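Tertiary structure, described
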Amino acid sequence: MQQPWDSLGQQHLWLPYTQMHTAPLPLNAASTQGCTITLADGTTLIDGIASWWSACHGYNHPHIIQAMQAQLHTMPHIMLGGLIHEQASRLAARLCAITPGKMQRVFFSDSGSIAVEVALKMALQYWRNAGQPRKDRFIGFSNGYHGDTLGTMAIGEPGEMHKAFRNAVIPQYIVDIPADEYAFTELDNLLGEIAPQIAGMVIEPLVQGAGGMKFHTADVLAELHRLAQKHQILFIADEVATGFGRTGSYFACQEAGIAPDILCLGKALTAGMVPMAATLTNQSIFEGFLSEDKDKAFMHGPTFMGNPLAASAANASLDLFEQSDYQGRIEKLEQDLLEQLAPCANLPNVRDVRVKGAIGVVQLAEKPANTDRLRAEFIKQGCWIRPLGDVVYLTPAFTISQAELATLTGAIYAVLKQQAAL
Ligand SMILES: *Cc1c(COP(=O)(O)O)cnc(C)c1O
């Protein structure tokens, strides 16, 4: 149904990763509740991806809304330069207590891309402060995705997403995640050669997200961490997507028992309520910036860093994790996803079905000829599912009901089966 503001949006909004000339008209969202999106025409859709992995407790959770309302009336925003406040202080301490490694300091920002940019700049300046300015390159992995800024695009290789900018980014080392002992030996040898130039190794632990939803094991992750340590390369874990329970453990690094030097958080940090991201580090990296020399201070500062409203949402989200058996719930979700997506593996147009924590992935045999049509089929089934390249994935809220999950997985099977018959 046409809304009074609809044509304004169509004339003036520019949507992400969207060919605006040919894309179907976007839907008009009017409200959200739990795992449901209600459109302006009254249609409801079950959200299979929790607004890009972020709305982990479902939409409009009353505990988070209450906390934000209280904060809205006392102090919605204050700069963090020279001033601190209760919400950011409490949040920083709580994040240090629950994250892997001995995290001691939190640098706040507004988006996952910037959290990773901050991690890169931190690593560069850490080595410069330590008298090793030649360590100014990074090692990243194929299929990795760390954001859309010039710095973060350079350390990932998410298929074709960033090919338009290939010549503008500073070249970094991108390697395949080793799959066997031979590949690990090769990587070890490469690092032996290039370590004097390498500031950090950047990885999405256990699950690579936007670059293709690829998984690796905790053993592989632990071995990569060991190699980084062996060659004096800072280990930077980008848990923007995997953080806060998504892969089954509170943070993915915990499953491998490793302590990153720098850790990036975003997406579910405020449970999808408002933008916020964070870059955490341990005492030893932080001490690399302490000096009588002012130039050794970390040189970065987002205007809205540590925003009190966002921090109040994040604190309230942590309350919910503390109060609930989220781990039990995610284990159950993992079993349900495995069981319910398994039949897809028998379809001729499906190559692989894989599940990790609250992430379900159906890998298609080939990239669908018309992704827009596939999306439209899911909408017809009452589901908000957005295929990504050659994968159809679910990253629902942890609070999703049995019936809602069954509708999502049923829709995936039905739509893919129908496509296979075409
Ligand atoms: C989404 C994502 C980012 C970028 O976060 P934005 O908030 O979109 O800037 C970075 N790293 C990973 C692993 C992500 O999934």
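Just above sits the structure.
Let me sum up the structure you'll find in this document. Remember, predicted model here, so these are calculated numbers, not experimental data. (Residues numbered from 1 in each chain as written. Predicted model: local features only at pLDDT ≥ 70, side-chain atom pairs only at ≥ 80, totals over all residues. Heavy atoms only, no water.)

**Details of the overall build of the protein**
The secondary structure content of the protein amounts to 14 helices and 16 strands. Radius of gyration (C-alpha) of the protein: 22 Å, near the 22 Å computed for a compact globule of 422 residues. For the C-alpha atoms alone, the extent of the protein along its principal axes is close to 65 × 60 × 45 Å. Contacts in the protein between residues far apart in sequence, at least 24 positions, make up 72% of those at least 6 positions apart. Put simply, the protein shows about 19600 Å² of open surface, and 54% of that area lies on carbon and sulfur atoms. Within the protein, one finds 29 positive and 40 negative side-chain charges whose respective centroids are separated by 3 Å. (Helix = DSSP H or I, 4+ residues; strand = E, 2+ residues; numbered from the N terminus. Rg over C-alpha atoms; globule rule 2.2 N^0.38 Å. Contact = heavy atoms within 4.5 Å. Areas by Shrake-Rupley, 256 points an atom, 1.4 Å probe, with all protein chains shown as cover. Lys, Arg positive; Asp, Glu negative; His and termini not counted. Charge placed at Lys NZ, Arg CZ, Asp CG, Glu CD.)

**Details of the packing of aromatic side chains**
Applying the stated rule across the entire model yields 11 aromatic pairs. Ring geometry for Phe289 versus Phe298: centroids 5.7 Å apart, planes at 80 degrees, classification edge-to-face. With respect to burial, Phe289 and Phe298 carry one shared label: buried. When the ring of Phe321 is compared with that of Tyr326, the centres are 5.1 Å apart and the planes differ by 90 degrees; the resulting orientation is edge-to-face. There is no split in this pair, since Phe321 and Tyr326 are both buried. Over the ring of Trp127 we find Lys135; its NZ or CZ atom is 4.7 Å from the centre of that ring. (Phe/Tyr/Trp six-rings, centres within 6.5 Å; stacked < 30°, edge-to-face > 60°. Buried < 20%, exposed > 50% of the residue type's maximum accessible area, 1.4 Å probe, protein only. Lys NZ or Arg CZ within 6 Å of the ring centre and 35° of its normal.)

**Here's the deal with the site of the ligand**
Near the ligand the following residues occur: Ser111, Gly112, Ser113, Tyr145, His146, Gly147, Glu204, Asp238, Val240, Ala241 and Lys267. Within the backbone of Gly112, an N or O atom sits 2.8 Å from an oxygen atom of the ligand. Side-chain polar atom of Ser113 to an oxygen atom of the ligand: 2.6 Å apart, as the coordinates give it. Protein chains bury 81% of the 380 Å² of accessible surface belonging to the ligand in isolation. For the shell around the ligand, a count of residues per class yields three nonpolar, five polar and three charged. (Near = heavy atom within 4 Å. Polar contact = N/O pair within 3.5 Å; in protein donor to acceptor, adjacent residues only side chain to side chain. Nonpolar A, V, L, I, M, F, W, Y, C, P; charged D, E, K, R; others polar.)

**Description of unusual backbone geometry**
Despite not being glycine, Trp52 shows a phi value in the positive range, around 55 degrees. Backbone geometry at Asn143 places phi at a positive 70 degrees, although glycine is not the residue there. With respect to the helices and strands, the residue Asn143 is situated in the loop between strand E5 (137-141) and helix H6 (150-154). Assessed through its relative accessible area of 25%, Asn143 is described here as partly exposed.

**Things to note about the pairing of strand E14 (residues 359-364)**
The buried fraction of E14 is high, at six of six residues. Here E14 shows no split at all, with Ile359, Val361 and Gln363 on one side and Gly360, Val362 and Leu364 on the other all buried. Judged from the six bridges that link them, strand E13 (residues 350-356) and E14 form a sheet pairing that is antiparallel. Residue pairing in the sheet places Lys356 in a bridge with Ile359 of E14. Counting the residues that bridge the hairpin from E13 to E14 gives two residues, and of these Gly357 lies at a positive phi of roughly 55 degrees. (Pairing = 2+ DSSP bridges.)

**Things to note about the sheet that holds strand E3 (residues 44-47)**
Pairing in this open sheet of four strands is mixed, and the strands run E1-E2-E3-E15 from one edge to the other. The two strands at the open ends of the sheet, each matched to only one other strand, are strand E1 (29-33) and strand E15 (383-384). The pairing of strand E2 (residues 36-39) with E3 spans three bridges and is classified as antiparallel. By the bridge assignment for E3, Ile37 is matched with Leu45. Set on the sheet, helix H14 (residues 402-421) makes contact with E2, E3 and E15; between it and E3 the angle comes to about 90 degrees. (Axes fitted to C-alpha atoms, helices over the stretch in contact; angles between N-to-C directions.)

**Description of the packing of helix H4 (residues 86-98) against helix H11 (residues 308-323)**
With their axes 9 Å apart at the nearest point, H4 and H11 run at an angle of 40 degrees to one another. The angle between the axes of H4 and H11 places the two elements in the oblique class. Crossing geometry of H4 relative to H11 is assigned as left-handed. Contacts between H4 and H11 involve Gln87, Ala88, Arg90, Leu91, Arg94, Leu95 and Ile98 from the first element and Pro308, Ala311, Ser312, Ala314, Asn315, Leu318, Asp319 and Glu322 from the second. Residue composition of the contact of H4 with H11, grouped by class: eight nonpolar, three polar and four charged. (Parallel < 35°, antiparallel > 145°, perpendicular 65-115°, else oblique. Left-handed = near helix turned anticlockwise from the far one by under 90°.)

**What to know about the side chain of His162**
Structurally, His162 is set in the loop between H6 and strand E6 (173-175). In terms of polar contacts, His162 uses its side chain to reach the side chain of Asp148, at 2.9 Å. Discounting residues that sit within four places of it in the chain, His162 has contacts with Tyr17, Tyr145, Gly147, Asp148 and Met153.

**With respect to H14**
The end-to-end C-alpha distance of H14 is 29 Å, a good match for the 28 Å that 20 residues give at a rise of 1.5 Å each. Buried within H14 are the following residues: Glu404, Leu405, Leu408, Thr409, Ala411, Ile412, Val415 and Leu416. The arc that holds the buried residues of H14, viewed along the axis, is 145 degrees, so those residues lie on one side. Exposed positions of H14 whose direction lies more than 90 degrees from the buried face are Ala403 and Ala421. (Expected span 1.5 Å × (residues − 1). Arc of directions from axis to C-beta.)

Any link to function would need more than the numbers given here.
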